[in-house]
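# Breakdown of the fold
Letter by letter, the chains look like this.
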Amino acid sequence: MSKLIYMDNAATTRTAPEVVEAMLPYFTESYGNPSSLYGFASQNKDAITQARETIAKTIGAKGKEIYFTAGGSESDNWALKATAELLKDKGRHIITSAIEHHAILHTCDYLEKQGFEITYIGVDENGKVKLDELKAAIREDTILISVMFANNEIGTIQPIKEIGEIAHEHGIYFHTDAVQAYAHIPINVDEYNIDMMSASGHKFYGPKGIGFLYIRTGVKIGSFVHGGAQERKRRAGTENVPGIVGMAKAAEMAHEKLQETIDYEIKLRDHLIDRVMDEIPYTRLNGDRNDRLPNNTNFSFRFVEGESMLIMLDMKGICGSSGSACASGSLDPSHVLLAIGLPHEIAHGSLRLTLSDQTTMEEIDATADALGEIIPQLRAMSPLYEDFVRKQTK
Ligand SMILES: *Cc1c(COP(=O)(O)O)cnc(C)c1O
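Keep in mind it's a predicted model, so treat the numbers as computed, not measured.

### Re the sheet that holds strand β9 (residues 283-285)
Ordered by their spatial adjacency, three strands build an open sheet running β9-β10-β12, and the pairing between neighbours is antiparallel. Every interior strand has two partners, whereas the edge strands, β9 and β12 (350-354), have only one. Between one strand axis and the next, the sheet turns through 25 degrees on average, direction left out of account. The pairing of strand β10 (residues 296-301) with β12 spans five bridges and is antiparallel. Following the sheet pairing, Phe299 is matched in β12 by Leu351. Sitting on the sheet, helix α10 (residues 306-315) is in contact with β10 and β12, with an inclination near 40 degrees to β12.

### Structural notes on the packing of aromatic side chains
Across all of its chains, the model carries 13 aromatic pairs by this definition. Centre to centre, the rings of Phe303 and Phe388 are 4.7 Å apart; their planes meet at 40 degrees, and the pair counts as tilted. Residue Phe303 is located in the loop between β10 and α10, and its partner Phe388 is located in helix α14 (residues 383-393); the two are separated by 85 residues in the primary sequence. Residue class for Phe303 comes out buried when judged on its relative accessible area of 16%. The structure contains a cluster of three or more aromatic residues connected by ring pairs, namely Tyr282, Phe303, Tyr385 and Phe388. Sitting above the plane of the Phe116 ring, Arg92 keeps its charged end 5.0 Å from the centroid.

### A short note on helix α8 (residues 241-256)
Taking 1.5 Å per residue, 16 residues should reach 22 Å; α8 reaches 23 Å between its end C-alpha atoms and fits that length. Within α8, 12 of the 16 residues are buried, leaving the element largely enclosed by the surrounding structure. Three or more residues of α8 are buried, namely Val241, Pro242, Gly243, Ile244, Val245, Gly246, Met247, Ala248, Ala250, Ala251, Met253 and Ala254. Along its buried surface, α8 packs onto α1 (17-23), α2 (25-28), α3 (39-58), β2 (66-69), β8 (211-215) and α9 (258-279). Between the side-chain oxygen of the N-cap and the backbone nitrogen of Gly243 there are 2.9 Å, and the N-cap of α8 in question is Asn240.

### Topic: the packing of α10 against helix α13 (residues 361-380)
Between α10 and α13, the shortest axis-to-axis distance is 10 Å and the interhelical angle comes to 135 degrees. Considering their axes alone, α10 and α13 lie oblique with respect to each other. As α10 runs across α13, the sense of the crossing is right-handed. Every residue of α13 that contacts α10 at Ser308, Met309, Met312 and Leu313 is listed here: Ala370, Leu371, Ile374, Ile375, Gln377 and Leu378.

### Some remarks on the pattern of salt bridges
In total, this model carries 20 salt bridges according to the counting rule given. With its nearest N and O atoms 3.7 Å apart, the salt bridge here joins Glu386 to Arg390. Of this pair, Glu386 and Arg390 are both found in helix α14, four residues apart, which corresponds to roughly one turn of the helix. Residue classification places Arg390 among the partly exposed residues on the basis of a relative accessible area of 45%.

### Observations regarding the sheet that holds strand β6 (residues 173-177)
Pairing within the open sheet is mixed, and its seven strands lie in the order β2-β8-β7-β6-β5-β3-β4. In this open sheet, the two strands that pair with only one neighbour each are β2 and β4 (117-121). Within the sheet, the average angular offset between the axes of one strand and its neighbour, ignoring direction, is 20 degrees. In terms of strand pairing, strand β5 (residues 142-146) meets β6 through three bridges, oriented parallel.

Criteria and cut-off values
Residues numbered from 1 in each chain as written. Predicted model: local features only at pLDDT ≥ 70, side-chain atom pairs only at ≥ 80, totals over all residues. Heavy atoms only, no water. Pairing = 2+ DSSP bridges. Helix = DSSP H or I, 4+ residues; strand = E, 2+ residues; numbered from the N terminus. Axes fitted to C-alpha atoms, helices over the stretch in contact; angles between N-to-C directions. Contact = heavy atoms within 4.5 Å. Phe/Tyr/Trp six-rings, centres within 6.5 Å; stacked < 30°, edge-to-face > 60°. Buried < 20%, exposed > 50% of the residue type's maximum accessible area, 1.4 Å probe, protein only. Lys NZ or Arg CZ within 6 Å of the ring centre and 35° of its normal. Expected span 1.5 Å × (residues − 1). Polar contact = N/O pair within 3.5 Å; in protein donor to acceptor, adjacent residues only side chain to side chain. Parallel < 35°, antiparallel > 145°, perpendicular 65-115°, else oblique. Left-handed = near helix turned anticlockwise from the far one by under 90°. Salt bridge = Lys/Arg side-chain N within 4 Å of Asp/Glu carboxyl O.

All we've got here are geometric facts, nothing functional implied.
Right under this line is the structure:
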């Protein structure tokens, strides 16, 4: 097998070597419990405080508004469940979108069983949330609006500023799952009217199992994990010091060269999109052409079955995804592709290729070349395609 071409950075990223290096001393040398009072341990408390400040600065927040969690899923669960529980006497209605990550959607299922009512806002054919539908869904008893910053499958970036404005005009809290967006595009919590925001270290070259929830000062939300007094008594448990230090290092590195990375990734992304769309007929680009994550591409190839495509790419050493990591493994097409209006058979032929800041133009071309071989091979085996061609040539 040739050299690995990793094009699945929306699933997870490689931990940057500098991040690993920053973490190592906190396993073997500085291993004290940050809550202990002796100097040996209190240097770890300082490292956590420093990490909090570093991350806060990247989104225009204050250090005390950053709460460390075990990742994106926990941050999403916390934002939704704790807000619901605390405000249940004020109202039991929550608005979200139809294309959220399962960490949001399955939490909403759980809340529905607890007696909350959820409205799922639809999206247009490019995956943008319909703002008029959002406005119409707001009720007296709406306590929370949660809409993701950018979609993990099709890369569409939502009109977050407008959504936040609408929420605040009605005195409703606004949470955004920014797991795909944070450290990939600029975010400022004041400018975008964000009250709560989820992020996850392993989506931006940090370690797995560490994330954060931004909670704006004054926002009422209950504790999530009960126990010790860590994270201002809101999320108990001895801090994951190496993880926290590593995530802060990754956040710092990403923001030092954010615009440079964006420009670089867009150049590669657009080259891949142009080649695939020009060279492979009966192909659709999913997601918004312009308001799109710099590292995301998502195509639907008609008359092709997603799993076979992934296997053939894998044989050429290329890692891609046919939906989100959670969706693959089941036979249902992705809820995101269905929500943008794709019929089942077209959604099934979808491929997500997501770049990193280390992806090269050679890898992009090798991927486009591989698709140029694989797609015609798969179509040649498809009775549907045969039928289609016969009708075309009649
Ligand atoms: C990956 C992802 C999550 C879950 O994050 P984990 O850190 O893996 O728990 C949540 N939301 C979105 C949009 C994601 O892409």
